[in-house]
Amino acid sequence: QVQLVESGGGLVQAGGSLRLSCAASGRTFSTYAMGWFRQAPGKEREFVAAIRWSGGTTYYGESVKGRSTISRDNAKNTVYLQMNSLKPEDTAVYYCAATDRFRGDITTPSGYYNWGQGTQVTVSS
């Protein structure tokens, strides 16, 4: 079984920055892609960013494009999400997701098999 453990969430003022981390552990896991999604109360889960492990191609949701950077550490099987210029509307639970093979569009939840428990990000105005 693969476990995804997120860290780095918290409370930050508008305009501030946070870096989220997600480490994959457990059985040997050959990563195809990892991504971040977020869900605010009463809203659907929203795509934030994704990265293909081979080649490092990145994808971003429109709401965070230009303000966020996703990156990976292959040796540590860890993905990072650097978020800058945070806004109150970025407040949500952020979920890490991973897949070991192609399952579908990696900008949608259906592209992933493993999910973390989520980390809360709160941006105060």
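Below is a summary of the structure that appears in this document. Predicted, not measured: the structure shown is a model, and the values here were computed from it.

Comments concerning the environment of Ala14
Right, so step 1: Positionally, Ala14 belongs in the loop between β2 (10-13) and β3 (18-26).
Right, so step 2: For the pair Ala14 and Ser125, spaced 111 residues apart in the sequence, the C-alpha separation amounts to 5.3 Å.

Focus: the packing of aromatic side chains
Remark: the centre distance and the inter-plane angle together describe each pair of aromatic rings, the angle taken between the planes.
Right, so step 1: Considering all chains together, one arrives at five aromatic pairs under this definition.
Right, so step 2: When the ring of Phe37 is compared with that of Trp115, the centres are 5.3 Å apart and the planes differ by 55°; the resulting orientation is tilted. On the criterion of sequence distance, the pair formed by Phe37 in strand β4 (residues 33-39) and Trp115 in strand β10 (residues 114-115) is long-range, its members being 78 residues apart.
Right, so step 3: Judged by relative accessible area, which is 0%, Phe37 ranks as buried.
Right, so step 4: On the basis of an interplanar angle of 70° and a centroid distance of 6.1 Å, the ring pair of Tyr112 and Trp115 is categorised as edge-to-face.
Right, so step 5: Note on Tyr112: relative accessible area 7%, which makes it buried.
Right, so step 6: By way of ring pairs, the aromatic residues Phe37, Phe47, Tyr112 and Trp115 are connected into one cluster.
Right, so step 7: Here the guanidinium or amino end of Arg45 rests over the ring plane of Trp115, the centre of that ring lying 4.9 Å away.

A word on the environment of Ser21
Right, so step 1: On the secondary structure map, Ser21 appears in strand β3.
Right, so step 2: Accessibility expressed as a relative area gives 15% for Ser21, which makes it buried.
Right, so step 3: Separated by 61 residues in sequence, Ser21 and Gln82 have C-alpha atoms that sit 8.8 Å apart.
Right, so step 4: In this view, Ser21 contacts Val5, Glu6, Ser7, Trp36, Val79 and Tyr80; residues no more than four positions away in its chain are not counted.

Cut-offs applied
- Residues numbered from 1 in each chain as written.
- Predicted model: local features only at pLDDT ≥ 70, side-chain atom pairs only at ≥ 80, totals over all residues.
- Heavy atoms only, no water.
- Helix = DSSP H or I, 4+ residues; strand = E, 2+ residues; numbered from the N terminus.
- Phe/Tyr/Trp six-rings, centres within 6.5 Å; stacked < 30°, edge-to-face > 60°.
- Buried < 20%, exposed > 50% of the residue type's maximum accessible area, 1.4 Å probe, protein only.
- Lys NZ or Arg CZ within 6 Å of the ring centre and 35° of its normal.
- Contact = heavy atoms within 4.5 Å.

Purely spatial values, then, with no claim about function.
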